Amino acid sequence: MFFGTHIAKIDSKNRASVPAAFRNHILESGPAFKGVAVFPSLKAEDPAYIGCNPDYLSTLDRRIREGDFDPEVADAIADAVFPYVEMLNFDDGGRVVLSKDLRAHVGLDGGEVAFVGKGVQTFEIWSPAVRGPRAKASREKAGAGALAIMFDRGRSNREPGE
């Protein structure tokens, strides 16, 4: 699972170490590609990239094709993701090279990068300076909905009497 917020240094070759727990989560499924797939966030207001196990791209494609979407919407979703996917190889030290496009979109000017866990399937890549205030706003927005999920009161498929 991808969890926690991890700040990593960016070296002079634009490399950063992906957190070991994130690498292990990706590699435990034995993907053919030893690295991470990344693409710009689908939230237009978020200057972040999404990271995932490369195998998740097939799952995402299937969900788009088989989902209950208007064909034009499905095409727009696919067009917002797949042309922008970058495959970042892990080096022997668990580092990846952060591309020029990724650095520009996220607003990385050197220094540091934040890897932010988002659960089983994805994580996000942020500028630490931008992520801090956004994290606070997300916690405030989640509010009671998050508590309902934590205490199992938010299930819509609950059986009578549960």
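Every value quoted in this text rests on a predicted model; they were computed, and no experiment measured them. (Residues numbered from 1 in each chain as written. Predicted model: local features only at pLDDT ≥ 70, side-chain atom pairs only at ≥ 80, totals over all residues. Heavy atoms only, no water.)

(A) Broad picture of the environment of Ala-104. On the secondary structure map, Ala-104 appears in helix α4 (residues 100-106). When the C-alpha atoms of Ala-104 and Pro-47 are compared, they prove to be 9.2 Å apart, with 57 residues separating the residues in sequence. (Helix = DSSP H or I, 4+ residues; strand = E, 2+ residues; numbered from the N terminus.)

(B) Up close: the pattern of salt bridges. Evaluated as defined, the whole model comprises 7 salt bridges. Taking the shortest distance from any N to any O, the salt bridge between Asp-61 and Arg-65 comes out at 2.8 Å. Linking Asp-61 with Arg-65, this pair stays in helix α2 (residues 56-66), spanning 4 residues, or about one helical turn. Under the relative-accessibility criterion, Asp-61 is labelled partly exposed at 27%. By relative accessible area, Arg-65 is classed as exposed at 56%. A salt bridge links Glu-66 to Arg-62, with the shortest nitrogen-to-oxygen separation between them at 3.8 Å. (Salt bridge = Lys/Arg side-chain N within 4 Å of Asp/Glu carboxyl O. Buried < 20%, exposed > 50% of the residue type's maximum accessible area, 1.4 Å probe, protein only.)

(C) View of the sheet that holds strand β3 (residues 35-40). Taken in spatial order, the 6 strands of this open sheet run β1-β7-β8-β4-β3-β5, and their pairing is antiparallel. In this open sheet, the two strands that pair with only one neighbour each are β1 (5-9) and β5 (86-89). Across the sheet, the axes of successive neighbouring strands diverge by a mean angle of 30°, strand direction being ignored. Note that strand β7 (residues 112-117) and strand β8 (residues 122-126) share 4 bridges and pair antiparallel. Within β8, the position partnered with Ala-114 by the bridge is Trp-126. Set on the sheet, α2 makes contact with β3, β4 (49-52), β5 and β8; between it and β3 the angle comes to about 40°. (Pairing = 2+ DSSP bridges. Axes fitted to C-alpha atoms, helices over the stretch in contact; angles between N-to-C directions. Contact = heavy atoms within 4.5 Å.)

(D) Region of interest: the nonpolar core. Ranked by size, the top nonpolar core spans 21 residues in total, and within it Val-36, Leu-98, Leu-102, Val-113, Phe-115, Phe-123 and Ile-125 carry the most contacts. Counting only elements with at least two residues in this core, the list comes to α1 (20-27), β3, α4, β7 and β8. Setting aside anything within four residues of it in sequence, one finds Val-113 in contact with His-6, Ile-7, Ala-8, Ile-10, Ala-16, Leu-98, Leu-108, Ile-125, Trp-126 and Pro-128. Counting residues in hydrophobic clusters, the runner-up holds 10 residues, among them Ile-50, Leu-57, Ile-64 and Val-81. (Core = buried A, V, L, I, M, F, W, Y, C linked by side-chain atoms within 4.5 Å.)

(E) Seen up close, the packing of aromatic side chains. One pass over the structure, following the stated rule, counts 4 aromatic pairs. Plain terms: the ring middles of Phe-2 and Phe-22 are 5.2 Å apart, the flat faces sit at 75° to each other, and that makes the pair edge-to-face. Of this pair, Phe-2 sits in the segment before β1 while Phe-22 sits in helix α1, and the two are 20 residues apart along the sequence. An identical accessibility class is assigned to Phe-2 and Phe-22; each is buried. Centre to centre, the rings of Phe-22 and Phe-123 are 5.1 Å apart; their planes meet at 45°, and the pair counts as tilted. Here Phe-22, found in helix α1, pairs with Phe-123, found in strand β8; they are 101 residues apart in sequence, far enough to count as distant. (Phe/Tyr/Trp six-rings, centres within 6.5 Å; stacked < 30°, edge-to-face > 60°.)

(F) Representation of the pairing of β8. Taken across its 5 residues, β8 has 5 buried, putting it largely inside the fold. With burial as the criterion, each face of β8 is covered, one bearing Thr-122, Glu-124 and Trp-126 and the other bearing Phe-123 and Ile-125. Judged from the 4 bridges that link them, β4 and β8 form a sheet pairing that is antiparallel. Across the sheet, residue Tyr-49 finds its bridge partner in β8, namely Ile-125. With antiparallel pairing between neighbouring strands as the criterion, β7 and β8 make up a hairpin whose turn holds 4 residues, including Gly-119 at a positive phi of roughly 110°.

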